[in-house]
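Okay, here's what each chain looks like letter by letter:
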Amino acid sequence: MNVELNDNLKLIQENTENVLTDYFNNVKFPKNGIFVLGCSTSEVSGEWMGTNPSLNIGRIIIDTLEDFLLPRHISLAIQGCQHINRALLVEREVAERHNLEIVSVVPAMHAGGGTQVAAYRRMADPVEVEHISAFGGMDIGGTEIGMHVKFVQVPIRTTHHHIGAANVVFLSSRPKLIGGPRAMYNFTEENTEDYVLEGNH
């Protein structure tokens, strides 16, 4: 870990560990799935979004999150702010594996944010992509990650829900339940039984 931890950063690290432990205790995240992170480091500090970004807060959150993602073989995508159209920072191999559209922009503290800048400096080959369809993710400080989580989104309630001064919201997802009155959602012997339809077909 590259950041010297003062008391404030230690608390942020502890908060991040707590919320992520809650989340992964409640969600079965698929191997090789994408986890999207939206993070306002300004909100973590108790400031209005975008007004006081912090590289050190971004670093400690990325460091802590990767401790959870890497052992689970989950890929990370970090959402940028509105000033880069909420583009997402990923490793190039993640973009290529998932056939994601790469765009020409790089993060800065006030156009992308402290978390993206921190991740950019530590990634092997970072690129920005325009859209993803992630399995789930974490929103720190009201950054609105829902546009990057696949349909159908499922909110996940956690016991801990703050990192620093910022509120934390988690999303997971599930496949759509499709069909009408005849549709079934579990495969049993009943699925193999034929019968004569009566009335309206």
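Shown above is the structure to which this text applies.
Residues numbered from 1 in each chain as written. Predicted model: local features only at pLDDT ≥ 70, side-chain atom pairs only at ≥ 80, totals over all residues. Heavy atoms only, no water.

*Asks:* Would you mind showing me how to read the overall build of the chain here?
*Replies:* If you tally the helices and strands in the chain, you get five helices and nine strands. Going residue by residue from the N terminus, the α and β elements of the chain occur as α-β-α-α-β-β-α-β-α-β-β-β-β-β. Counting only C-alpha atoms, the chain reaches 70 × 40 × 30 Å along its principal axes. Buried positions account for 45% of the 201 residues belonging to the chain. Counting every atom, the chain has about 11,600 Å² of accessible surface; 48% of that belongs to carbon and sulfur. Here the chain holds 15 positive side-chain charges and 24 negative ones, and the gap between their average locations is 2 Å. (Helix = DSSP H or I, 4+ residues; strand = E, 2+ residues; numbered from the N terminus. Buried < 20%, exposed > 50% of the residue type's maximum accessible area, 1.4 Å probe, protein only. Areas by Shrake-Rupley, 256 points an atom, 1.4 Å probe, with all protein chains shown as cover. Lys, Arg positive; Asp, Glu negative; His and termini not counted. Charge placed at Lys NZ, Arg CZ, Asp CG, Glu CD.)

*Asks:* Before we go on, may I ask you to explain the packing of helix α3 (residues 55–69) against helix α5 (residues 114–122) in this structure?
*Replies:* Any two packed helices are characterised by the angle at which their axes cross and by the distance between the axes. Where α3 meets α5, the closest approach of the two axes is 7 Å, and the angle between their N-to-C directions is 65 degrees. Once α3 is placed against α5, the crossing between them reads as right-handed. Only Gly114, Thr115, Val117, Ala118, Ala119, Arg121 and Arg122 of α5 make contact with α3, whose side of the interface consists of Leu55, Gly58, Arg59, Ile62, Asp63 and Glu66. Broken down by class, the residue content of the contact of α3 with α5 amounts to five nonpolar, three polar and five charged. (Axes fitted to C-alpha atoms, helices over the stretch in contact; angles between N-to-C directions. Left-handed = near helix turned anticlockwise from the far one by under 90°. Contact = heavy atoms within 4.5 Å. Nonpolar A, V, L, I, M, F, W, Y, C, P; charged D, E, K, R; others polar.)

*Asks:* What exactly am I supposed to notice about unusual backbone geometry here?
*Replies:* The phi torsion of most residues other than glycine is negative, and most of the peptide bonds are trans. Looking along the chain, the bond that leaves Phe151 and enters Val152 is cis, with omega of 15 degrees. For Val152, the position within the fold is in the loop between β6 (136–140) and β7 (153–156). The backbone phi angle of Asn99 is positive, close to 55 degrees, even though this residue is not glycine. Here Asn99 is to be found in the loop between α4 (92–97) and β4 (102–103).

*Asks:* Got a minute to help me understand the packing of aromatic side chains in this structure?
*Replies:* To describe a pair of aromatic rings, one takes the distance between the centres and the angle between the planes. Scanning the model with the defined rule gives eight aromatic pairs in all. Judged by centre distance (5.9 Å) and plane angle (80 degrees), the ring pair of Tyr23 and Phe35 falls under edge-to-face. Remark: Phe35 occurs in strand β1 (residues 34–39) and Tyr23 occurs in helix α1 (residues 7–26); sequence separation between them is twelve residues. Three or more aromatic residues joined by ring pairs make a cluster, and in this case those are Tyr23, Phe24, Phe29, Phe35, Phe68, Phe135 and Phe170. When the ring centre of Phe24 is taken as reference, the NZ or CZ atom of Arg72 above it lies at 4.5 Å. (Phe/Tyr/Trp six-rings, centres within 6.5 Å; stacked < 30°, edge-to-face > 60°. Lys NZ or Arg CZ within 6 Å of the ring centre and 35° of its normal.)

*Asks:* Would you take a moment to explain α3 for this structure?
*Replies:* Because the α-helix completes a turn every 3.6 residues, residues three or four places apart line up on one side. Over its 15 residues, α3 extends 21 Å from the first C-alpha to the last, a length consistent with the 21 Å expected when each residue adds 1.5 Å. Where burial is concerned, most of α3 is hidden: eleven out of the 15 residues are buried. By the N-cap criterion, in which a side-chain oxygen at the helix start approaches the backbone nitrogen of a residue two or three places on, α3 is capped by Ser54, the distance to Asn56 being 3.5 Å. (Expected span 1.5 Å × (residues − 1). Polar contact = N/O pair within 3.5 Å; in protein donor to acceptor, adjacent residues only side chain to side chain.)

*Asks:* Hey, could you run me through the packing of α1 against α3 in this one?
*Replies:* Where α1 meets α3, the closest approach of the two axes is 9 Å, and the angle between their N-to-C directions is 35 degrees. Remark: the crossing between α1 and α3 carries right-handed chirality. Each of Leu9, Ile12, Gln13, Thr16, Glu17, Leu20, Thr21 and Phe24 in α1 lies in contact with α3, whose residues at this interface are Asn56, Ile57, Ile60, Ile61, Thr64, Leu65, Phe68 and Leu69. Split into classes, the residues belonging to the contact of α1 with α3 amount to ten nonpolar, five polar and one charged.

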